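Each chain, written out:
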Amino acid sequence: MIRFDRVLKKFGDNVVLHDLSFDVKPGEFVTLIGPSGSGKTTILRLLMTLERVNGGTIQVGDEYLTHVERGGRLVPADEKHLRLIRRRIGMVFQQFNLFPNMKVLQNVTEAPTRVLGLSRDEAETKARSWLEMVGLSDKVDAHPSQLSGGQQQRVAIARALAMEPDVLLLDEVTSALDPELIAGVLAVLREIARTTDITFLCVTHEMQFARDVSDRVMMFDQGQVIEDAPPGVLFTEPTHARTREFLHAVL
Ligand code: ADP
């Protein structure tokens, strides 16, 4: 579902991702861990096309994010192609970024009506079922400011799901939450991962969550994957000294 092939990403002279290759299979839940500054967020931003690679290729499904096939040749991707790819990818951020002037229901129906062209009725029916899935059926008419951080984050998750993405990117989704609200958000994500065939790429510091929910965990250091293993292996018998040090510091 996702393929990075020898990706190079630089900011000025700072090489952030160096010759990075990895695959994520359809329906897999893959978590990226590693020290701050190791390039995890940059990977999500590349997938969201908020950044461009300096070398190598990225594929989402059978499309290149970097190139498009025209007349049997690969040419650099244009905006129209990027828009189509972006539509397949949802993202939930640390900051929920809900529309403050819209009710919860409208927050979830806005993109499906505007971008996917769903009728208002159809979008509302679907939005209600996504809001039920995240445990907020009783909040459809509330405004974001009337909700806790955990509830707002669950609206943001429902809003991402409403676009029916193939891939959902999660960037430190619990970092801005009070500790007592974190478990509810993680439980919702765990349930979505279990009951849908969405492919997840997740950056988190919640090691227990990563351990529970991931099919694979990739440990990053200085823009490279230094260890890639199922959580049962990576968390209990890491082979790399750097992974052991990192886990020792955060667990
Ligand atoms: P992580 O998510 O693992 O903390 P990031 O992907 O955010 O790491 O950052 C990796 C490196 O890229 C860091 O050295 C950071 O300073 C640099 N970086 C990220 N975004 C930018 C940017 N927009 N401009 C310049 N440098 C950046």
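Cut-offs applied
- Numbering of residues begins from 1 in every chain and follows the order in which that chain's sequence is written.
- In view of the model being predicted, local features appear only for residues whose pLDDT reaches at least 70, and side-chain atom pairs are presented and counted only at 80 or more, with totals across whole chains, interfaces and linings using the full set of residues.
- Any residue qualifies as near a molecule or strand once its backbone-derived C-beta atom lies within 6 Å of it.
- Under the DSSP-based scheme used, a helix requires at least four consecutive residues in state H or I and a strand at least two consecutive residues in state E, with every element numbered from the N terminus.
- Lys, Arg, Asp and Glu make up the charged group, whereas Ala, Val, Leu, Ile, Met, Phe, Trp, Tyr, Cys and Pro make up the nonpolar group; the residues left over, Gly among them, are polar.
- By the convention used here, strands pair only if DSSP detects at least 2 bridges between them.
- Structural elements are reduced to axes, namely lines fitted to C-alpha atoms, with helices fitted over the stretch in contact, and the angle between N-to-C directions of any two is expressed from 0 to 180 degrees.
- Whether two residues are in contact is decided by their C-beta atoms, placed from the backbone, lying within 7 Å.
- Working rule for angles: under 35 degrees goes down as roughly parallel, over 145 as roughly antiparallel, 65 to 115 as roughly perpendicular, anything else as oblique.
- Each crossing gets its handedness from the near helix: less than a right angle anticlockwise from the far helix is left-handed, clockwise is right-handed.
- UniProt positions are given in the numbering used here, feature names are shortened, and annotations may be inferred rather than shown by experiment.
- Nonpolar cores are identified as sets of buried Ala, Val, Leu, Ile, Met, Phe, Trp, Tyr and Cys residues joined via C-beta atoms within 7 Å.
- Using C-beta atoms placed from the backbone, we call a residue buried if 20 or more other C-beta atoms fall within 10 Å of its own, exposed if 12 or fewer do, and partly exposed for counts in between.
- Any helix carries an expected span of 1.5 Å times its number of residues minus one.

Draft legend 1. Quick peek at the site of the ligand. If you check the shell around the ligand, you find F11, N14, V16, G34, S36, G37, S38, G39, K40, T41 and T42 and nothing else. The set of elements that each furnish at least two residues to the shell around the ligand consists of β2 (14-24) and α1 (40-47). Here the element with the most residues in the shell around the ligand is α1; it accounts for 3 residues. A per-class count over the shell around the ligand returns 2 nonpolar, 8 polar and 1 charged.

Draft legend 2. Spatial organisation of the sheet that holds strand β9 (residues 167-171). Taking strand neighbours across the sheet as the criterion, the 6 strands line up as β8-β9-β10-β3-β11-β12 in an open arrangement whose pairing is mixed. The open sheet has two edge strands, β8 (89-92) and β12 (224-229), and neither has a second partner. Averaged over neighbouring strand pairs, the angle between their axes works out to 20° when direction is ignored. Relative to the sheet, helix α5 (residues 149-161) contacts β8 and β9, its axis offset from that of β8 by approximately 175°.

Draft legend 3. Just the packing of α5 against helix α6 (residues 179-195), in detail. Where α5 meets α6, the axes come as close as 8 Å, and the angle between the chain directions of the two elements is 20°. As far as their axial angle goes, α6 and α5 are roughly parallel. As α5 runs across α6, the sense of the crossing is right-handed. Seen from α5, the contacting residues are G149, G150, Q153, R154, I157 and L161; seen from α6, they are L181, G184, V185, V188, L189 and I192. By residue class, the composition of the contact of α5 with α6 is 7 nonpolar, 4 polar and 1 charged.

Draft legend 4. View of the UniProt feature "domain: ABC transporter" (unreviewed entry) in the chain. Those residues carrying the UniProt feature "domain: ABC transporter" (unreviewed entry) are residues 2-247 in this numbering. Helix makes up 37% of residues 2-247 and strand makes up 28%, while its end C-alpha atoms are separated by 26 Å.

Draft legend 5. Broad picture of the environment of Q152. Residue position: Q152 is located in helix α5. As for Q152 and L44, which are separated by 108 residues in sequence, their C-alpha atoms are 22 Å apart. Dropping the residues within four chain positions of it, Q152 is found in contact with F96, L98, P144 and L147.

Draft legend 6. Main features of the nonpolar core. Of all hydrophobic cores here, the largest spans 66 residues; its most connected members are V108, A158, L169, F200 and L201. With 6 residues, α5 is the single largest residue contributor to this core. The contact partners of L201, leaving out residues within four places of it in the chain, are I2, V24, V30, L32, L44, V167 and L169.

Draft legend 7. Region of the structure containing the pairing of strand β3 (residues 29-33). Of all 5 residues in β3, 5 are buried; the element is thus mostly enclosed. The alternating pattern of β3 places F29, T31 and I33 on one face and V30 and L32 on the opposite face, and all of these are buried. With 4 bridges connecting them, β3 and strand β10 (residues 199-203) associate as parallel partners. Following the sheet pairing, L32 is matched in β10 by V203.

Draft legend 8. Focus on the environment of S137. Among the structural elements, S137 can be located in the loop between α4 (120-133) and α5. When the C-alpha positions of S137 and L105 are compared, they lie 9.6 Å apart, and in sequence the two are 32 residues distant. Other than its neighbours up to four places away in sequence, S137 contacts L131 and E132.

Draft legend 9. Region of the structure containing α5. The end-to-end C-alpha separation of α5 is 18 Å, in line with the 18 Å expected for 13 residues at 1.5 Å each. Judged by how many residues are buried, α5 sits mostly within the fold: 12 of 13 residues are covered. Within the span of α5, buried status applies to G150, Q151, Q152, Q153, R154, V155, A156, I157, A158, R159, A160 and L161. At its buried positions, α5 is contacted by β8, α3 (104-114), α4, β9 and α6.

Draft legend 10. Just the sheet that holds strand β1 (residues 2-11), in detail. Overall, antiparallel pairing links the 4 strands, which are arranged β2-β1-β4-β5 in an open sheet. Looking along the sheet, the strands with just one partner apiece sit at the ends: β2 and β5 (63-64). Bridge count for β1 against β2 is 7 bridges, and the pairing is antiparallel. Looking across to β2, one finds that I2 is bridged to V24.

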